[in-house]
Each structure stands twice: as structure tokens, then as C-alpha cells.
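Take a look at the letters that make up each chain.
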Amino acid sequence: MALNDNQIANLLYGDLSDIDEFEESDNDEENIDFLDAFRDMDNFLHQNDFELKNLVNQDNENIADDLHEEVLDDDIDNYTPMVPNWISGTWENQNYCCDIQFIPPPAKLPFSPLEYFKKCIDSDMIKNISYQTNLYSTQKSGFSVNTNETEIEQFIGIHLIMSIIKLSSYKMFWNQYLRQPIVADNMSRNRFDKLRSNIHFVDNTLCLPSNNSLHDKLFKVRPFLDSIKNDFKLIDLEEHLCVDEIIIPFKGRSTMKQYNKAKPHKWGIKVFALA
């Protein structure tokens, strides 16, 4: 009896489990010879599978090497070396002249640093800060800090120095090892702390409640801002100007505080400036 297609497919896939299940009536002499030959071939393939794979891989590698050598031979035969195109000549120094006429610096600056400071923060503002600070300390504790205009100028100057010389804490300016004479020699740390906790620009008793329509969010510093704005208006404007925004770094409590992740100082109060 001849094998059907399914039986032949199972034999080719290596499934020989049903060969022994053929009935004796189906195992004629022709089928037995075919099955014996197929079984011998399958055993041979299983026993020599590893060696056959190595032979095939080795033949493929030899073919790839031969092709690579042929490509290299063709590239070498067709290679043309590039010769640089040198131009011989003599070096000549070029005389480059600059036609820009630089304006000579002034023999004397129009203002000293202190005069520049007083143009922005005038003496009237300093006097007001001194008065309001003494008033607030009296309202708070019943005792005045007894400050004056000269000490307020030193207090503001110390803050300017601290904005230039960066330390992790303001108290380090009086530290034994990090002491800054320009700060420590002009004011003691205790006096600086007392002024820092009492500094004021306006009388708090005049502040309107937040539910009032005339309430000013900048009431605490309004006199200072108005004074600076008026002083800035006295500066002569230049020909080329632009309006730009500035972030004043601030992380305290304020409804005007903004967050902008694209800025170097992400938290602060945004103002517009004429530059």
C-alpha cells in the first residue's frame, strides 16, 4: 500500500512515531524497503548534523572572502592618488588699516559712584526711610532704633555689596574666616539685624484693607518706587531704546510672584524696563 501525502509530510518533518503502527497487511515489500532507506537517511543526518553545518558555514565564509578580495583588487586597480594643487609664490604682508575713529575717554567722569547713587535714591527718600523705620520700631516694641540718614545709606550700601559678593548666608560677612571688612567695619551684625527687621518705607496705619477697591498691593514700598521713577525720568534718554522684561528674584509670599521655567531665576516678580 502506497503512502498518502500526509504520511509523507510527517516522515519529512521527522515524525516517525506512527511507522510501527502500520498493520502487517499494509507493510508490503515495497513500502518496507522505502521506509528502511528513509530511516537510515534520517539517522545519518541526525548523527552528522553538526559537521554538515560547519561545512556549509565554512563554504559561505570562503565565498564571502573571495568576493571581498575581488572587490579590494578592483578598488586598488581603479585607485587614482590625489595630488594637491600647490601654488608657489612669495608671502606679502598686507596693510590692513582701520578707519574707525574712537572717541577719546573723558578726562573726568561726569559723576562719581556716590553721585550716581544719589541720582537714583535722593536724600529725601533716605530721610523718609529713616523716619519710617524709627516710627515702625516704636509702634512694634515701644522703643525706637534711633537710626539716621547716614546709617540708612550704609545699610543700603551693604546690600549692594552682598549682591556682588555671594555667600550662602549674610551672617558670613561677619564670620571669623570669611569676614568682609567693607561690611563688618561699617556696621556690626547685631545692628544690621535690628535694622533689617525694622526697615520701613511707609506708615502701616495708613494701609487700606485688602477688600477695599483702593487697596494697593505695593503699598509697603509705594513711596520708594514713586521716588525712583521720578528720579529715572530726569535721566536723558538715548537715541536707541527698547522695552524689555526683568525678573526680580523673589520666593516669598506675594500674589504678584510668577514662575517661568525658561528664566535663570524661575521665581520672581516681572517688571518692564526701558533699556
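Refer to the preceding data block for the structure.
The paragraphs below set out a description of the structure included in this document. Each chain carries its own residue numbering, running from 1 in the direction its sequence is written. Where totals are concerned, whole chains, interfaces and linings use all residues; where local detail is concerned, this predicted model gives features only for residues with pLDDT of at least 70, and gives and counts side-chain atom pairs only at 80 or more. The side-chain figures draw on all heavy atoms in the structure; neither hydrogens nor water molecules are used.

## A word on the packing of aromatic side chains
And step 1. For Phe, Tyr and Trp, where Trp contributes only its six-membered ring, two rings pair if their centres lie within 6.5 Å, and the inter-plane angle classes them as stacked under 30 degrees, edge-to-face over 60, or tilted in between. Under the counting rule described, the total for this entry stands at 5 aromatic pairs.
And step 2. Relative to Phe 192, the ring of Phe 155 lies with its centre 5.2 Å away and its plane at 35 degrees, an arrangement referred to as tilted. One end of the pair, Phe 155, is in helix H6 (residues 149–164); the other, Phe 192, is in helix H8 (residues 189–198), with 37 residues separating them in the sequence. Each member of the pair, Phe 155 together with Phe 192, is buried.
And step 3. Through pairs of rings, three or more aromatic residues link up here, namely Phe 155, Tyr 170, Trp 174 and Phe 192. Helix and strand assignments come from DSSP, with helices taken as H or I runs of at least 4 residues and strands as E runs of at least 2, each series counted from the N terminus. A simple rule labels every residue: compare its accessible area, found with a 1.4 Å probe on the protein chains alone, to the largest value its type can have, and call it buried under 20%, exposed over 50%, or partly exposed in between.

## Quick look at a nonpolar patch on the surface
And step 1. What goes into a patch is any residue over 30% in relative accessible area without a salt bridge, connected to like charges within 9 Å or, for nonpolar side chains (Val, Leu, Ile, Met, Phe, Trp, Tyr), within 5 Å. In short, Shrake-Rupley with a 1.4 Å probe defines the accessible areas, and a residue's cover is counted only from the protein chains shown. Think of a salt bridge as a Lys or Arg side-chain nitrogen and an Asp or Glu carboxyl oxygen that are within 4 Å of each other. A cluster of nonpolar residues, Leu 237, Leu 241, Val 243, Phe 272 and Leu 274, forms a patch on the protein surface that exposes about 570 Å² of accessible area.
And step 2. Note on placement: Leu 274 falls in strand E3 (residues 267–274).

## Focus on the sheet that holds E3
Think of a sheet as strands paired side by side through backbone hydrogen bonds, with each pair either parallel or antiparallel.
And step 1. For two strands to be treated as a pair, DSSP must find at least two bridges joining them. Within the open sheet, the 3 strands sit side by side as E1-E3-E2. Their pairing is antiparallel. Each edge of the sheet is formed by a strand with only one pairing partner; in this case those strands are strand E1 (243–249) and strand E2 (258–259).
And step 2. When E2 meets E3, the two strands line up antiparallel, connected through 2 bridges. Pairing of Gln 258 across the sheet is with Gly 268, part of E3.

## Looking at the environment of Ile 247
And step 1. Note that Ile 247 resides in strand E1.
And step 2. Here the alpha-carbon distance between Ile 247 and Pro 264, two residues 17 residues apart in the chain, equals 9.1 Å.
And step 3. Only heavy atoms enter the contact rule, under which two residues are in contact if any of them lie within 4.5 Å. Not counting residues within four places of it along the chain, the set of residues in contact with Ile 247 comprises Lys 263, His 265, Trp 267, Gly 268, Ile 269 and Lys 270.

## Regarding the pattern of salt bridges
And step 1. Under the defined criterion, the tally for this structure stands at 7 salt bridges.
And step 2. A salt bridge links Arg 179 to Asp 185, with the nearest nitrogen and oxygen atoms 2.5 Å apart.
And step 3. Across the pair Asp 216 and Arg 222 runs a salt bridge whose closest N-O atoms are separated by 2.8 Å.
And step 4. Here Asp 216 falls in the partly exposed class, since its relative accessible area comes to 24%.
And step 5. Take Arg 222: its relative accessible area is 26%, and that puts it in the partly exposed class.

## A few points about H8
Each full turn of the α-helix corresponds to 3.6 residues, which orients residues three or four apart in the same direction.
And step 1. Residues of H8 that are buried include every one of Phe 192, Leu 195 and Asn 198, and no others. Buried residues of H8, seen end-on, are gathered within an arc of 140 degrees and therefore sit on one face of the element.
And step 2. On its buried face, H8 is in contact with helix H5 (123–141) and H6. By definition, the arc is the one covered by directions from the helix axis to the C-beta atoms.

## Things to note about helix H9 (residues 222–232)
And step 1. Along H9, the residues classified as buried are Phe 224, Ser 227, Ile 228 and Asp 231. Considered in projection along H9, the buried side chains sweep an arc of 95 degrees and stay on one side of the axis.
And step 2. In the core, the buried residues of H9 are packed alongside helix H4 (113–120) and H5.

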